[in-house]
Amino acid sequence: KKLYKKYLPKVQLEYEPFVDWLVTFGLGNNRGSREVIIGTYDFSTTYRYVGTQGGAQVVFGQDFKVNTEFTVTPLGLAQYAFVSAPGYAEANTPAALNVIGVTQNSLILGLGAKLSLNGYDSWITGTRAIRAMLLYNTLSPTQISTAAFECGGSDFSYSSTPSRLGLRLGADFAIEVDENLLLQVSYDLVLGRKYVDNAGMIKLKYFFDDCKFLKRLYNFYK
């Protein structure tokens, strides 16, 4: 009984809700090619255009500190994104197309959890975390593009339907630089039907707590 009590981890649940939000906008210089082979003839084309994309993401949850080493965090996500591609013309062959511009939107909701290994006394150790989340695209409309051959002819359309369900797997490493300053490196992998996406991000977070930031500015300039 004494040995059992000695090595049993002490469980003390502490609750700490949070909201993490992100707004993005960007311009993309897109280049690509389309392979067209008819018999022994190569009618492959190339294209280039500048598109815009942006969106907003809100991640919310509540940290449950199970003990001094581990934190379990149920997560919720709401993410809106849009991609706008202007009309563009392919080049180089008679099979080149004039493609009409299109704007696509998505609204994704997600539920998941994160497991964090809390840092120790050394600041360089930081906090390591892994997470998993099930995603659902509430819009997921059929994406239709309309085009016509440059050499003439009627317009035609081609379509694709993105997957509604996806699985996001991720990992984080965060270092506490200062009392209210956090450096975070994260990686995400999203798996869907006929779809794979991966992204890495480096974030510098400052936590505004009890007006400490304003007090520091005041003390710096006085």
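For clarity, every value in this text was computed on a predicted model and none was experimentally measured.

Rules of the game
- Residues numbered from 1 in each chain as written.
- Predicted model: local features only at pLDDT ≥ 70, side-chain atom pairs only at ≥ 80, totals over all residues.
- Heavy atoms only, no water.
- Helix = DSSP H or I, 4+ residues; strand = E, 2+ residues; numbered from the N terminus.
- Buried < 20%, exposed > 50% of the residue type's maximum accessible area, 1.4 Å probe, protein only.
- Contact = heavy atoms within 4.5 Å.
- Salt bridge = Lys/Arg side-chain N within 4 Å of Asp/Glu carboxyl O.
- Patch = residues over 30% accessible without salt bridge, like charges linked within 9 Å, V, L, I, M, F, W, Y side chains within 5 Å.
- Areas by Shrake-Rupley, 256 points an atom, 1.4 Å probe, with all protein chains shown as cover.
- pLDDT = per-residue confidence, 0-100.
- Core = buried A, V, L, I, M, F, W, Y, C linked by side-chain atoms within 4.5 Å.
- Pairing = 2+ DSSP bridges.

1. What to know about the side chain of Ser186
Relative to the helices and strands, Ser186 is located in strand E13 (residues 181-192). Residue classification places Ser186 among the buried positions, given a relative accessible area of 10%. With residues up to four places along the chain from it excluded, the contact list for Ser186 reads Arg131, Ala171, Asp172, Ala199, Gly200 and Met201.

2. Let's talk about the pattern of salt bridges
Per the stated rule, a full pass over the model turns up 4 salt bridges. Between Asp20 and Lys203 there is a salt bridge, and its shortest N-O distance comes to 3.8 Å. Taken together, the residues Asp20 in strand E1 (residues 15-34) and Lys203 in strand E14 (residues 195-206) connect sequence positions 183 residues apart. According to the relative accessible area criterion, Lys203 is partly exposed, its value standing at 23%. Linking Asp188 and Arg131 is a salt bridge whose minimum nitrogen-to-oxygen distance equals 2.8 Å. Here Arg131 lies in strand E9 (residues 127-137) and Asp188 lies in strand E13, a separation of 57 residues in the sequence. The pair Asp188 / Arg131 is uniform in exposure class, with both members buried.

3. Re a nonpolar patch on the surface
On the surface, Val19, Trp21, Val23, Val58 and Phe60 cluster together into a nonpolar patch covering about 540 Å² of accessible area. Every element with two or more residues in the nonpolar patch is listed here: E1 and strand E4 (45-65). A total of 3 residues in the nonpolar patch trace back to one element, the largest contributor, which is E1. Structurally, Val23 is set in strand E1. Judged by its relative accessible area of 59%, Val23 falls in the exposed class.

4. Quick notes on the confidence of the model for the chain
The predicted model of the chain averages 76 in pLDDT, with 72% of residues at 70 or higher. Averaged over each element, pLDDT in the chain is lowest for helix H1 (residues 2-7) (38) and highest for strand E5 (residues 70-85) (89). Confidence drops under a pLDDT of 50 for residues 1-13, and excluding neighbours within four residues, the segment shows 9 contacts in the predicted structure.

5. Regarding the nonpolar core
Core analysis: the biggest nonpolar cluster contains 7 residues, these being Val59, Leu75, Leu77, Ile108, Met133, Leu135 and Val190. Every residue in contact with Ile108, bar those within four places of it in the chain, is listed here: Leu77, Ala78, Gln79, Leu135, Tyr136 and Asn137.

6. With respect to the pairing of E4
Where E4 meets E5, 12 bridges bridge the pair, whose relative direction is antiparallel. Bridge pairing in E5 places Gln57 opposite Gln79. Counting the residues in the hairpin turn of E4 and E5 gives 4 residues.

7. A closer look at the side chain of Ser106
Within the element layout of this structure, Ser106 appears in strand E8 (residues 102-117). Given the relative accessible area of 16%, Ser106 is considered buried.

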